[in-house]
Amino acid sequence: MQLAGLRYFVEVADRGSFTAAAAWLGVSTSTLTRSVSTLEDDLGLTLFERTRHGVHLAASAQTVLDETRRMLASLDSVATAADGAARGIVGELRLGVRSPPLGEPLRSMLANWRRDHPGVRFVVYELSDREIFTELVARRIDVALVPSFAPWPQIVMEPLYRERMVAAVPQDHPLASRPNLKWSDFHGEKIFVQEWAQSHAMREFYASMLGIGLPLESIPAGKQTVFSLIAAGFGVTLAQQSQSEASFPGVQFRPIDEKNARVEFSLAWSQKSECAVIGRFLASMRESAALRSLDISTTASAN
């Protein structure tokens, strides 16, 4: 059976005329008639009763017409889904992050993506550095948002935005009473670093800012666990400005008055990625980052 013949069959049934159906479909009447006749031969069933007043659906063909409509509707749905996937407007986007996507600017970036791509399922995985790299290479996640200080082979990394670093200290700690801090204020403090085994990039990043020789203690846990230890008075840590927008009982965040107290974040994805959804996500994030930079520049000029 030809798919065109099935579509012609439905159109003739709807319009009650081969001529009218052919005109609507933009084919010749002879072509449409031959196609429907071939379909009747394939089915071994007369689909239409032909009279001087036109054609009428044969009573025995009603169930065939109903099933044909359902089948064509399903095929149209498949075509629509394929078109949406090809254009990146439906599907799934799996994002890997090292820390929860709290606060600005990431919150606004993701909000823009959700607004413009409601048909894409968005899944976030909070993973360690090593896990993010492994999952990107295996293509079990599509894109990652990671600190730029950990370049990886086989992975494309593109700087996206920068954030200020702040200090997270216990609320009853002497440093909590100061309006801002210097790196020298951390001497003598136990400084927690969120990192996992076989991944020392974060420790090296802290050391590059604070200086060599300070007591850095690795905590193989999420940032919320680290903040819980800070609240209990075990030590202090560094955090992103966006993380300070959330409330953590017992923790005070203080600005760090140092030029290098900032971290750059990059988009990371596999060199082999060719998915349209990934391309759209990257474009959306770039556009949001560019608009944010423009807003900051405009505000700075106005001031």
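All figures in this text were calculated on a predicted structure; none of them were measured in a lab. (Residues numbered from 1 in each chain as written. Predicted model: local features only at pLDDT ≥ 70, side-chain atom pairs only at ≥ 80, totals over all residues. Heavy atoms only, no water.)

**Student:** What exactly am I supposed to notice about the overall build of the protein here?
**Tutor:** Regarding its fold elements, the protein presents nine helices and 11 strands. Its C-alpha atoms give the protein a radius of gyration of 31 Å, clearly above 19 Å, the size a compact globule of 303 residues would have. Its C-alpha atoms put the protein at 100 × 45 × 35 Å along the principal axes. For the protein, buried positions account for 41% of its 303 residues. For the protein, the accessible area works out to roughly 16,000 Å², and carbon and sulfur atoms hold 53% of it. Side chains of the protein carry 31 positive and 33 negative charges; the gap between the two charge centres is 3 Å. (Helix = DSSP H or I, 4+ residues; strand = E, 2+ residues; numbered from the N terminus. Rg over C-alpha atoms; globule rule 2.2 N^0.38 Å. Buried < 20%, exposed > 50% of the residue type's maximum accessible area, 1.4 Å probe, protein only. Areas by Shrake-Rupley, 256 points an atom, 1.4 Å probe, with all protein chains shown as cover. Lys, Arg positive; Asp, Glu negative; His and termini not counted. Charge placed at Lys NZ, Arg CZ, Asp CG, Glu CD.)

**Student:** So what exactly am I meant to see when it comes to helix α8 (residues 223-231) here?
**Tutor:** Note on helix geometry: an α-helix contains 3.6 residues per turn, so any two residues three or four positions apart are oriented the same way. The set of residues buried in α8 consists of Lys223, Val226, Phe227 and Ile230. One face of α8 carries all of its buried residues, which in axial projection span an arc of 100°. Of the surrounding elements, those touching the buried residues of α8 are β6 (155-170), β7 (191-194), α7 (201-210), β8 (216-219), β9 (236-240) and β10 (251-255). (Arc of directions from axis to C-beta. Contact = heavy atoms within 4.5 Å.)

**Student:** Looking at this structure, how should I read the layout of surface pockets?
**Tutor:** Gaps between atoms show up when a probe of the same size as a water molecule is rolled over them. Put simply, the largest pocket is a space of about 180 Å³. As for the largest pocket, its lining consists of 13 residues, and the residues nearest its centre are Glu104, Pro105, Ser108, Met109 and Arg292. When residues in the lining of the largest pocket are grouped by element, the largest group, four residues, is from helix α9 (residues 276-302). For the lining of the largest pocket, a count of residues per class yields three nonpolar, four polar and six charged. (1 Å grid on protein atoms, 1.4 Å probe; cavity = no way out; pocket = protein on both sides within 12 Å on 5 of 7 lines; lining within 4 Å. Points joined across faces, edges and corners; volume = space filled by probe spheres on them. Nonpolar A, V, L, I, M, F, W, Y, C, P; charged D, E, K, R; others polar.)

**Student:** Is there a simple way to think about the packing of aromatic side chains in this case?
**Tutor:** Think of a pair of aromatic rings as described by two things: how far the centres are apart, and how the planes are tilted against each other in angle. Taken as a whole and assessed by the stated rule, the structure comprises 10 aromatic pairs. Relative to Phe281, the ring of Trp113 lies with its centre 5.1 Å away and its plane at 85°, an arrangement referred to as edge-to-face. With Trp113 in helix α5 (residues 106-116) and Phe281 in helix α9, the pair connects residues that are 168 residues apart, well separated along the chain. Of the two residues, Trp113 and Phe281, both sit in the buried class. With a centroid separation of 5.4 Å and an interplanar angle of 20°, the aromatic rings of Tyr161 and Phe265 are classed as stacked. Residue Tyr161 is located in strand β6, and its partner Phe265 is located in strand β11 (residues 262-270); the two are separated by 104 residues in the primary sequence. For the residue pair Tyr161 and Phe265, the accessibility class agrees, reading buried in each case. (Phe/Tyr/Trp six-rings, centres within 6.5 Å; stacked < 30°, edge-to-face > 60°.)

**Student:** How should empty space enclosed by the protein be read in this particular structure?
**Tutor:** Counted according to the given criterion, the structure contains one cavity of 30 Å³ or more. Reported here for the largest cavity is a volume of approximately 240 Å³. Lining the largest cavity are 25 residues, and of these Ser99, Pro147, Gln240, Gln243 and Phe265 lie nearest its centre. Of all elements in the fold, only β5 (143-147), β6, α7, β9 and β11 reach the threshold of two or more residues within the lining of the largest cavity. Across the lining of the largest cavity, the residue classes break down as 17 nonpolar, five polar and three charged.

**Student:** I tried to follow the confidence of the model for the protein on my own but got confused; where do I start?
**Tutor:** For the protein, mean pLDDT is 87; residues scoring 70 or higher make up 93% of the total. When mean pLDDT is compared element by element in the protein, β10 scores highest at 96, while α9 scores lowest at 77. (pLDDT = per-residue confidence, 0-100.)

**Student:** What should I look at first to understand the packing of helix α2 (residues 18-25) against helix α3 (residues 29-43) in this one?
**Tutor:** When two helices pack together, their arrangement is given by the angle between the helix axes and by the axis-to-axis distance. Across the interface, α2 lies against α3 with an axial gap of 9 Å and an inter-helix angle of 110°. By the criterion of interaxial angle, the relationship of α2 to α3 is roughly perpendicular. Here the hand of the crossing between α2 and α3 comes out right-handed. Along its contact with α2, which presents Phe18, Thr19, Ala21, Ala22 and Leu25, the element α3 presents Thr29, Leu32, Thr33 and Val36. Residue classes in the contact of α2 with α3 are distributed as six nonpolar, three polar and no charged. (Axes fitted to C-alpha atoms, helices over the stretch in contact; angles between N-to-C directions. Parallel < 35°, antiparallel > 145°, perpendicular 65-115°, else oblique. Left-handed = near helix turned anticlockwise from the far one by under 90°.)

**Student:** Please explain unusual backbone geometry as it appears in this structure.
**Tutor:** A negative phi angle characterises most non-glycine residues, just as the trans form characterises most peptide bonds. The peptide bond linking Glu104 to Pro105 adopts the cis configuration, its omega dihedral lying at 10°. In this structure, Pro105 sits in the loop between β3 (91-97) and α5. Here the phi dihedral of Gln154 falls at roughly 70°; this positive angle occurs in a residue that is not glycine. Its place among the elements puts Gln154 in the loop between β5 and β6.

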